[in-house]
Amino acid sequence: MTAIAYASPFVPVEWIAAHGLRPLWLRPPAAGGGAEFAAARGVCPYAGAVVDAAETGIDASALVLTTICDQMRFASALIESSGRCPVFLLNVPSTWQTGEARSLYLAELCRLGRFFEKHGGKPPNGAELARVMLAYDRARSALLSAQSTLSARQFAETAAKYRGPLETASPPKPDAPPADGIPLAVLGGPLLEADYEFFDVLQRAGGRVVLDATEGGERTMPRGFDPRKIDADPLRALADAYFNAIPDAFRRPNAALYEWLGRELAARHVRGIVFRRYVWCDLWHAELQRLKRWTALPVLDLDAGADDVAAPNRMQGRFEAFLEMLA
Ligand code: SF4
């Protein structure tokens, strides 16, 4: 089956799968190569790693990126100019509370659908799209219900799998974290594959991640689909569940991010926030200042460069000091 890679939660996995294509949630393996080169030039190492992955070859016919930040736009142009991998840049407006912005996102999904057809996809009928949407919805709901029985690493890995083809994503076996760990939230942007080690290090240091608000985690899952809206117009229901519901640092206004955090931090009795951002990521760096003004909870600012994104020993000391303060 033809695969389509994507690297943003604003690309609905259901839309790819409903076209008969295999969704591939791009997780560049580790920093190095393009990531290090990017960081040395003042560019986000994650964007550099995406370029690197596309240049060295991803197991997909095309790559979908979004306009959520300038660095991703630049990455898209760079990949396209090299001719190594067809790339589609999905326009996701940062202003989002107007009818025009919502219509634009919906129109972008239609344009993306035409791109899929050029790369081997078949246009889905409404019933097929609805079936795929409900299948992903059930999988995400089951994962969220099982969250307390999973370690943070398991939850993150399974959430990543559920952004791919569901047929190959088996439900995780429960492996609950120690119940006496200090409840924490992890907030921030995307993670490289090697960065998932981060959750284990945090757990070994005595933390218990009860809210994964990174780009691959719970924060960016679409709202549950309303079956009546699916019956009326599945594509519109899909667009609404993503565009109207996912809180993120690039959105303007971004009050929804704080509404979501306020609700979820309180419900899970979070005692501290680990804020994970890449150096050179202006979006999340700016958000850090807002977060500190907004919350009374202690915040650990973890800025990751290209050479230390997966350096567990260095991270461990910082986690231990933070958790000692919270104990
Ligand atoms: S981490 Fe920041 S700079 Fe890097 S791609 Fe994401 S939003 Fe853009």
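Computed from a predicted model, the values in this text were never measured in an experiment.

About the criteria used
Residues numbered from 1 in each chain as written. Predicted model: local features only at pLDDT ≥ 70, side-chain atom pairs only at ≥ 80, totals over all residues. Helix = DSSP H or I, 4+ residues; strand = E, 2+ residues; numbered from the N terminus. Buried ≥ 20, exposed ≤ 12 C-beta atoms within 10 Å, placed from the backbone. Pairing = 2+ DSSP bridges. Axes fitted to C-alpha atoms, helices over the stretch in contact; angles between N-to-C directions. Contact = placed C-beta atoms within 7 Å. Parallel < 35°, antiparallel > 145°, perpendicular 65-115°, else oblique. Left-handed = near helix turned anticlockwise from the far one by under 90°. Domains from an automatic or database assignment. Nonpolar A, V, L, I, M, F, W, Y, C, P; charged D, E, K, R; others polar. Near = placed C-beta within 6 Å. Core = buried A, V, L, I, M, F, W, Y, C linked by C-beta atoms within 7 Å.

Student: How should I be thinking about the overall build of the chain in this particular structure?
Tutor: Secondary structure summary: the chain contains 13 helices and eight strands in total. When the backbone C-alpha atoms are referred to their principal axes, the chain occupies close to 55 × 45 × 40 Å. Among the 327 residues that make up the chain, the fraction classed as buried is 46%.

Student: What is the right way to look at the sheet that holds strand 5 (residues 182–188) in this model?
Tutor: To summarise the sheet geometry, strands pair through backbone hydrogen bonds and adopt either a parallel or an antiparallel arrangement. On the basis of which strands lie adjacent, the open sheet formed by four strands has the order 6-5-7-8 and parallel pairing. The open sheet has two edge strands, strand 6 (207–213) and strand 8 (299–304), and neither has a second partner. Neighbour-to-neighbour, the strand axes of this sheet turn through a mean angle of 25°, independent of strand direction. For strand 7 (residues 272–278) and strand 8, the ladder comprises six bridges, and the chain directions are parallel. What sits directly across from Arg277, in strand 8, is Asp303. Relative to the sheet, helix 8 (residues 197–204) contacts strand 5, strand 6 and strand 7, its axis offset from that of strand 6 by approximately 145°.

Student: So what exactly am I meant to see when it comes to the packing of helix 3 (residues 45–56) against helix 4 (residues 70–82) here?
Tutor: Two quantities define a packed helix pair, namely the angle between the helix axes and the distance between the axes. Here helix 3 crosses helix 4 at 15°, and the two axes come no closer than 9 Å. It follows from the interaxial angle that helix 3 and helix 4 lie roughly parallel. Handedness of the crossing formed by helix 3 with helix 4: right-handed. Along its contact with helix 3, which presents Ala47, Val50, Val51, Ala54 and Glu55, the element helix 4 presents Gln71, Met72, Ala75, Leu78, Ile79 and Ser82.

Student: How should the domain arrangement of the chain be read in this particular structure?
Tutor: Where interface size is quoted, it is often the accessible area lost as the parts come together. Under the domain assignment used here, the chain contains domain 1 (3–118) and domain 2 (126–326). Relative to domain 2, the C-alpha centre of domain 1 lies at a distance of 20 Å. Residue-level contacts link 36 residues of domain 1 with 37 residues of domain 2. Looking at the side of domain 1 that touches domain 2, the element that brings in the most residues is helix 1 (residues 13–18), giving five residues. Residues of the side of domain 1 that touches domain 2, tallied by class, amount to 28 nonpolar, three polar and five charged.

Student: Can you help me understand the environment of Met133 in this one?
Tutor: The topology assignment puts Met133 in helix 6 (residues 126–145). The exposure class of Met133 is buried, given the 25 C-beta atoms found within 10 Å. Sequence-wise, Met133 and Val13 are 120 residues apart; in three dimensions their C-alpha atoms are separated by 8.9 Å. Other than its neighbours up to four places away in sequence, Met133 contacts Glu14, Phe225, Ile230, Pro234 and Leu238.

Student: Looking at this model, I keep getting lost on the site of the ligand. Mind explaining?
Tutor: Surveying the vicinity of the ligand reveals 13 residues, the closest of which are Cys44, Cys69, Gln71, Gly189 and Cys281. When the residues that make up the shell around the ligand are grouped by side-chain class, the tally is eleven nonpolar, two polar and no charged. Two domains each provide a minimum of three residues to the shell around the ligand, namely domain 1 (3–118) and domain 2 (126–326).

Student: Hey, could you run me through helix 10 (residues 234–243) in this one?
Tutor: Three- or four-residue spacings in an α-helix give side chains the same orientation, since the helix completes a turn every 3.6 residues. Of all the ten residues making up helix 10, eight are buried; the element is thus mostly covered by neighbouring parts of the structure. In this structure, the buried residues of helix 10 make contact with helix 1, helix 5 (99–118), helix 6 and helix 9 (227–232).

Student: What is the right way to read the sheet that holds strand 4 (residues 87–90) from this model?
Tutor: Strand order across the open sheet formed by four strands is 2-1-3-4, with parallel pairing between neighbours. At either end of the open sheet lies a strand with only one pairing partner, and these are strand 2 (22–25) and strand 4. Averaged over all pairs of adjacent strands, the angle between strand axes in this sheet comes to 25°, irrespective of strand direction. Judged from the four bridges that link them, strand 3 (residues 62–66) and strand 4 form a sheet pairing that is parallel. In the sheet register, Val64 faces strand 4, and the bridge partner there is Phe88.

Student: What is the right way to look at helix 7 (residues 152–161) in this model?
Tutor: Burial of helix 7 is extensive: seven of the ten residues sit out of reach of the surface. In this structure, the buried residues of helix 7 make contact with helix 6, helix 8 and strand 6.

Student: Before we go on, may I ask you to explain the pairing of strand 2 in this structure?
Tutor: The two faces of a sheet get side chains in turn, since along a regular strand they alternate between them. By the bridge criterion, four bridges tie strand 1 (residues 3–6) to strand 2 in an arrangement that is parallel. Each residue of the ladder has a partner; that of Ile4, found in strand 2, is Pro23.

Student: Looking at this model, I keep getting lost on unusual backbone geometry. Mind explaining?
Tutor: Backbone torsion omega between Arg252 and Pro253 reads -5°, so that peptide bond is classified as cis. Within the secondary structure layout, Pro253 lies in the loop between helix 10 and helix 11 (255–267). Its identity as a non-glycine residue notwithstanding, His269 has a phi of 55°, on the positive side. Mapped onto the fold, His269 is located in the loop between helix 11 and strand 7.

Student: So what exactly am I meant to see when it comes to the nonpolar core here?
Tutor: It is characteristic of soluble globular proteins that their nonpolar side chains tend to be buried jointly. Ranked by size, the top nonpolar core spans 97 residues in total, and within it Ile4, Val50, Leu63, Val64, Ala185 and Leu202 carry the most contacts. Structurally, this core is a two-domain feature, drawing no fewer than three residues from each of domain 1 (3–118) and domain 2 (126–326). Look past the residues within four positions of Ala185 in its chain and what remains in contact with it is Val210, Leu211, Ala213, Leu265, Val270 and Ile273.

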